[in-house]
Amino acid sequence: MYAMIIVRYRRPLPEIEAVTEAHRAYLRDLQAKGTLVASGPLDPRFGGMWLVRVQDENPLADLDALMAGDPFHQQGLANYELLPWKVMQGKEGLDRI
């Protein structure tokens, strides 16, 4: 199963930028593990979005753990919307990534 994580900043951009490198390092680690498919900031930059792989059973537990590991969350800089997603069209393409 896949999921979208929408991240919305709670603090001014300079506070976000102070933690951005640690956040990006966390995302690189998730990508290396095969969990993160894609991520990036929204435009305009008020947050970001991640496309992730999660377990079919209890995807919210995986999503909670992903959120908890993010330095933005650990520093209280962002809110998260955790959206499990049953991909119907295009799943084969995502599975190849």
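What counts, and at which threshold
Residues numbered from 1 in each chain as written. Predicted model: local features only at pLDDT ≥ 70, side-chain atom pairs only at ≥ 80, totals over all residues. Heavy atoms only, no water. Buried < 20%, exposed > 50% of the residue type's maximum accessible area, 1.4 Å probe, protein only. Helix = DSSP H or I, 4+ residues; strand = E, 2+ residues; numbered from the N terminus. Pairing = 2+ DSSP bridges. 1 Å grid on protein atoms, 1.4 Å probe; cavity = no way out; pocket = protein on both sides within 12 Å on 5 of 7 lines; lining within 4 Å. Points joined across faces, edges and corners; volume = space filled by probe spheres on them. Nonpolar A, V, L, I, M, F, W, Y, C, P; charged D, E, K, R; others polar. Lys, Arg positive; Asp, Glu negative; His and termini not counted. Salt bridge = Lys/Arg side-chain N within 4 Å of Asp/Glu carboxyl O. Polar contact = N/O pair within 3.5 Å; in protein donor to acceptor, adjacent residues only side chain to side chain. Contact = heavy atoms within 4.5 Å.

**Student:** I would appreciate a short explanation of the pairing of strand β1 (residues 2-9) in the present structure.
**Tutor:** On a regular strand, one side chain projects to one face of the sheet and the next to the other, so that they alternate. Most of β1 is tucked away, with 7 of its 8 residues classed as buried. As paired strands, β1 and strand β3 (residues 47-53) are joined by 7 bridges and run antiparallel to one another. Its bridge partner being in β3, R8 is matched across the sheet by G47. Strand direction decides the pairing type here: β1 and strand β4 (residues 78-85), joined by 8 bridges, are antiparallel. Residue pairing in the sheet places A3 in a bridge with P84 of β4.

**Student:** Got a minute to help me understand the layout of surface pockets in this structure?
**Tutor:** A water-sized probe, rolled over the atoms, reveals where empty space remains. The computed volume of the largest pocket comes to approximately 160 Å³. Forming the walls of the largest pocket are 15 residues, and the residues nearest its centre are Y9, H23, L27, G40 and P41. Secondary-structure elements contributing two or more residues to the lining of the largest pocket are β1, α2 (20-32), β2 (36-41) and β3. Of the residues contributing to the lining of the largest pocket, the split by class is 7 nonpolar, 6 polar and 2 charged.

**Student:** Please explain the side chain of D62 as it appears in this structure.
**Tutor:** Structurally, D62 can be placed in helix α3 (residues 59-69). Within the buried set, D62 has no salt-bridge partner at all; the shortest N-O distance to an opposite charge, 11 Å, is to R53. A polar contact of 2.7 Å, which involves the side chain of D62, links it to the backbone nitrogen of Q55. Beyond its immediate chain neighbours, meaning those up to four positions away, D62 contacts V54 and Q55.

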